[in-house]
Amino acid sequence: MPQVDFYVLPTPLSAARLDFACKLGEKAWRLGHRVYVHCTDAAQREALDARLWSFKGESFVPHSLAEDDPHSPVTLGIAAQAAGHDDLLINLALSVPSFAGQFARIAEIVVEDPAIRQAARESFRFYREQGYPLQDHRLSRL
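In short, a report on the structure.

Comments concerning the overall build of the protein chain
Helix and strand counts for the protein chain come out as 3 helices and 7 strands. Put simply, the protein chain runs from its N terminus to its C terminus through helices and strands in the order β-α-β-α-β-β-β-β-α-β. Whereas a compact globule of 142 residues would reach a radius of gyration of roughly 14 Å, the protein chain reaches 14 Å, a difference of no more than 12%. Seen along its three principal axes, the alpha-carbon backbone of the protein chain occupies a region of about 35 × 30 × 30 Å. The buried share of the protein chain, reckoned over its 142 residues, is 44%. Sequence separation of 24 or more characterises 67% of the internal contacts of the protein chain that already satisfy a separation of 6 or more. With an accessible surface of roughly 7300 Å², the protein chain has 53% of that area assigned to carbon and sulfur atoms. The protein chain carries 15 positive and 18 negative side-chain charges, and their two centres are separated by 7 Å.

A short note on the sheet that holds strand 3 (residues 63-65)
Sheet architecture is open: 7 strands sit in the order 3-4-2-5-6-1-7, paired in parallel fashion. Two strands bound the open sheet, and with one partner strand each, they are strand 3 and strand 7 (134-138). On average, each strand axis in the sheet is tilted by 20° relative to the strand beside it, whichever way the strands run. Bridge count between strand 2 (residues 35-38) and strand 5 (residues 88-91): 4 bridges; the pairing is parallel. Of the residues in strand 5, the one forming a bridge with Tyr36 is Leu89. Helix 1 (residues 15-30) contacts strand 1 (3-8), strand 2, strand 4 (74-77), strand 5 and strand 6 (105-110) of the sheet and is inclined by roughly 175° relative to strand 5. Packed on one face of the sheet, helix 2 (residues 42-54) meets strand 2, strand 3 and strand 4 and runs near 155° to strand 4.

Regarding the pattern of salt bridges
All chains considered together, the criterion is met by 5 salt bridges. Asp19 is paired through a salt bridge with Arg51; the nearest N and O atoms lie 2.6 Å apart. Note that Asp19 is positioned in helix 1 and Arg51 in helix 2, a separation of 32 residues in sequence. What makes Asp19 partly exposed here is its relative accessible area of 32%. For the salt bridge of Arg30 with Glu26, the shortest nitrogen-to-oxygen distance reads 3.3 Å. Within this pair, Arg30 and its partner Glu26 are both found in helix 1, separated by 4 residues, close to a single helical turn.

Quick notes on the side chain of Arg17
As for its position among the elements, Arg17 is in helix 1. One buried charged residue, Arg17, forms no salt bridge at all, with the nearest opposite charge on Glu108 at 5.4 Å. From its side chain, Arg17 meets the backbone oxygen of Leu92 in a polar contact 3.2 Å long. Aside from chain neighbours lying at most four places away, what touches Arg17 is Leu9, Gln44, Asn91, Leu92, Ala93, Leu94, Ile109, Val111 and Ile116.

The rules behind the values
Residues numbered from 1 in each chain as written. Predicted model: local features only at pLDDT ≥ 70, side-chain atom pairs only at ≥ 80, totals over all residues. Heavy atoms only, no water. Helix = DSSP H or I, 4+ residues; strand = E, 2+ residues; numbered from the N terminus. Rg over C-alpha atoms; globule rule 2.2 N^0.38 Å. Buried < 20%, exposed > 50% of the residue type's maximum accessible area, 1.4 Å probe, protein only. Contact = heavy atoms within 4.5 Å. Areas by Shrake-Rupley, 256 points an atom, 1.4 Å probe, with all protein chains shown as cover. Lys, Arg positive; Asp, Glu negative; His and termini not counted. Charge placed at Lys NZ, Arg CZ, Asp CG, Glu CD. Pairing = 2+ DSSP bridges. Axes fitted to C-alpha atoms, helices over the stretch in contact; angles between N-to-C directions. Salt bridge = Lys/Arg side-chain N within 4 Å of Asp/Glu carboxyl O. Polar contact = N/O pair within 3.5 Å; in protein donor to acceptor, adjacent residues only side chain to side chain.

Encoded structure:
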């Protein structure tokens, strides 16, 4: 059963979710985890792809689009499946993907935008109803 972590960021900016996804993905990868980042759409995925190349000048996070290399250490996807991954799911979509249960850990990144907060509440309810262990991380700074 997946452990679900909600990271609540102290900002209303949606772009902060991408920045935090980069940091979280890098940390997990450095610890030896395989990461699947589920994006809302192609535009969000392209923005995340660009950030992963430049978010930290001194490091590189090896990543790939799901259709190019589904077995990359960090994979960015928008499809209805996450083939080859079962370690960490970073969910940037506004709903829980149908394949979420195959992962050991799930990270939901929340900002103070009303639409994102509402989606996070619905996801929280879904995970709680499934019996997943839930953890809330309220960050005081970015």
